[in-house]
Structure formats: C-alpha cells, structure tokens
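Fold and geometry: a report
The lines below spell out each chain.
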Amino acid sequence: GDSVTQTEGQVTVSESKSLIINCTYSTTSIAYPNLFWYVRYPGEGLQLLLKVITAGQKGSSRGFEATYNKETTSFHLQKASVQESDSAVYYCALGDRGNNNRIFFGDGTQLVVKP
Amino acid sequence: AQTIHQWPVAEIKAVGSPLSLGCTIKGKSSPNLYWYWQATGGTLQQLFYSITVGQVESVVQLNLSASRPKDDQFILSTEKLLLSHSGFYLCAWSLVWGDTGQLYFGEGSKLTVL
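The sections below set out a description of the structure shown in this document. This is a predicted model, so every value here is computed, not measured.

Section: the sheet that holds strand 3 (residues 19–26) of chain B
Residues and elements named next belong to chain B.
- Pairing is antiparallel in the open sheet, where four strands are placed in the order 1-3-8-7. The sheet is open, and its two borders are formed by strand 1 (3–7) and strand 7 (65–70), each paired with just one other strand. Here the strands of the sheet are splayed against their neighbours by 20 degrees on average, with no regard to which way each runs.
- Pairing between strand 1 and strand 3: five bridges, direction antiparallel. Bridge assignment links I4 to a residue of strand 3, and that residue is I25.

Quick word on the state of the cysteines
- Under the counting rule described, the total for this entry stands at two disulfides over all chains.
- In this model, A:C23 is linked to A:C92 through a disulfide, with the two sulfur atoms separated by 1.9 Å. Between A:C23 and A:C92 the disulfide shows an S-S torsion of about -65 degrees. By sign, it is left-handed. Highlighted residues: A:C23 in the loop between strand 3 (19–21) and strand 4 (24–26) and A:C92 in strand 10 (residues 88–96), separated in sequence by 69 residues.
- For B:C23, the disulfide goes to B:C91, at an S-S distance of 1.9 Å.

Brief notes about the pattern of salt bridges
- The tally for this structure, following the rule as stated, stands at four salt bridges over all chains.
- As a salt-bridge pair, A:D86 and A:K79 come within 2.7 Å of each other at their nearest N and O atoms. For the pair shown, A:D86 and A:K79 are each scored as buried.
- B:D72 serves as the salt-bridge partner of B:K26, at 2.7 Å between the closest nitrogen and oxygen. Of this pair, B:K26 sits in strand 3 while B:D72 sits in the loop between strand 7 and strand 8 (73–78), and the two are 46 residues apart along the sequence.
- The exposure class of B:K26 is partly exposed, given its relative accessible area of 43%.

Regarding the sheet that holds strand 8 (residues 64–67) of chain A
Residue and element names in this part refer to chain A.
- The strand order across the open sheet formed by four strands is 3-9-8-7, and the pairing between neighbours is antiparallel. For this open sheet the edge positions go to strand 3 and strand 7 (58–61), each flanked by a neighbour on one side alone. On average, each strand axis in the sheet is inclined to that of its neighbour by 20 degrees, with strand direction left out of account.
- Strand direction decides the pairing type here: strand 3 and strand 9 (residues 77–79), joined by three bridges, are antiparallel. Bridge pairing links I21 to L77 in strand 9.

A word on the interface of chain A and chain B
- Contact residues are listed per partner, giving 21 residues for chain A and 21 residues for chain B.
- Together, the buried faces of chain A and chain B total about 1700 Å²; carbon and sulfur atoms form 49% of this surface.
- The interface formed by chain A and chain B holds zero salt bridges in total.
- Where chain A meets chain B, there are four residue pairs in polar contact (both at pLDDT 80 or more).
- For the side of chain A that touches chain B, the secondary structure elements donating two or more residues are strand 5 (34–40), strand 6 (46–52), strand 10 and strand 11 (102–105) of chain A.
- By residue number, the principal contributor to the side of chain A that touches chain B is strand 5 of chain A, which donates four residues.

Remarks on the pairing of strand 9 (residues 87–94) of chain B
Residues and elements named next belong to chain B.
- Most of strand 9 sits inside the fold, with seven of its eight residues counted as buried.
- Alignment of strand 4 (residues 32–38) against strand 9, held across seven bridges, turns out to be antiparallel. Bridge pairing in strand 9 links W37 to Y89.
- Here strand 9 pairs with strand 11 (residues 109–113) via three bridges, running antiparallel. Note that in strand 11 the partner of G87 across the bridge is L111.
- Pairing geometry for strand 9 and strand 10 (residues 104–105), over two bridges, is antiparallel. Looking at the pairing, W93 lines up with Y104 of strand 10.

Definitions and limits used
- Residues numbered from 1 in each chain as written.
- Chains lettered and ligands numbered in written order.
- Predicted model: local features only at pLDDT ≥ 70, side-chain atom pairs only at ≥ 80, totals over all residues.
- Heavy atoms only, no water.
- Pairing = 2+ DSSP bridges.
- Helix = DSSP H or I, 4+ residues; strand = E, 2+ residues; numbered from the N terminus.
- Axes fitted to C-alpha atoms, helices over the stretch in contact; angles between N-to-C directions.
- Disulfide = S-S within 2.5 Å.
- Salt bridge = Lys/Arg side-chain N within 4 Å of Asp/Glu carboxyl O.
- Buried < 20%, exposed > 50% of the residue type's maximum accessible area, 1.4 Å probe, protein only.
- Contact = heavy atoms within 4.5 Å.
- Buried area = accessible area lost by both parts, 1.4 Å probe.
- Polar contact = N/O pair within 3.5 Å; in protein donor to acceptor, adjacent residues only side chain to side chain.

Structure below.
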C-alpha cells in the first residue's frame, strides 16, 4: 500500500538556524506519486505549503524547499533560516492517482522555533 | 473568493448518540469534496470523497456515512457514535479530479465521544 513516514514528532530549532524535517514515502500502486507539504499554523486550518509532481524537481514556498527524490523515496523539507512565525505542524503527503486519488498523510511534525 | 465552512466547531456527544457534521463550500461550482479524520495523535485519513451531487465513495470503513445533498454541501453522519469516533474531522475540496493537487481544508470539527 501507500504510506508516508515522518520520523520526528517534534523538532525544536533556534531562530535563524537551519531546519530539516524528514519525510519518506512508500507506494506500490503508482511509480510517480505527487508529493506535498501541508502546514497548520496555530489557530488556522491546514493549508498547502508546496507540492512537486515530477521526480527530481524541487518545490519552494515561503523560504521552504523540498526535493522529490525517487531514488531514496524521500521528500525532506528544508529551510536555511527559520523564524518564530514558522512554528506550526508540518505534514508530508503523497497523492496516488491510481488509488482513488487518495492523499496519504504522514503523522505530522511539530516545529517549535525558539527565539 | 472561495470559502469553506464547517459546523459545528466542536461537539461533545455520548456513545450511542447520533452525529451530523456539515461542510459548505462557497464560490466554487462542482468541486470535489472530501472528509478526513484524525484521531488524537493519529494520522490524517481520508474517509469519503464525492465528485458530484448525490454520489459519495467510501474510502475507510468507520461506521460513518456521508452524503452530498447539494453541490456545495457535504454531510458526515452516524446514527450511533462509538468511542473510537473521537477526533478531528476535516472537510476539504479540490478543483480537478485526477489532479490530486491542492486540497483546500476547512477549519475542522473536534468531536469528543464520552
């Protein structure tokens, strides 16, 4: 089946430091799934941060980047310098066109940015 | 601009009681609609999807049902709640079937079953 794994439940980073949130995926029904990062800021709804639908490509938004790596089946989220306002829960997700167009989410990673 | 509104924001219900959660999308005609559920500390799971009025497909069996009585309305319900139904329910819409692109989520409804 399809699944997404985020190994860290919470990541704490000091402001202006770099960030990486790990995401790996597994799929048996589609060779090239669409990959997404969604974010939920405190008090707000879940929203798309970035998406990449082509293997080898990089997506970016609000200073965050993620590269679709088919060899390692990874889609890690990175940012060079985090701000306190980046504190939120980040969800990695996989879109499977061959499985009723389902989107599979990881468990989410809570990012805490310390001032 | 498109808006998505979910109701109620939160509910506390007894085991065995009925439930109805609603979702309305304004400013977009014929969207694809979805219900997601997240147990406390759990993964966000897709429960139902609908691509047209009156047509709903079940993705995960949780003793819940869903209906789409109007183009802009999606209802999640059950006649008998279980403790395991507790969690956070999210309604979402997307533009194009097959795109598996951007989902637009509502604010969610928090359900506590006692």
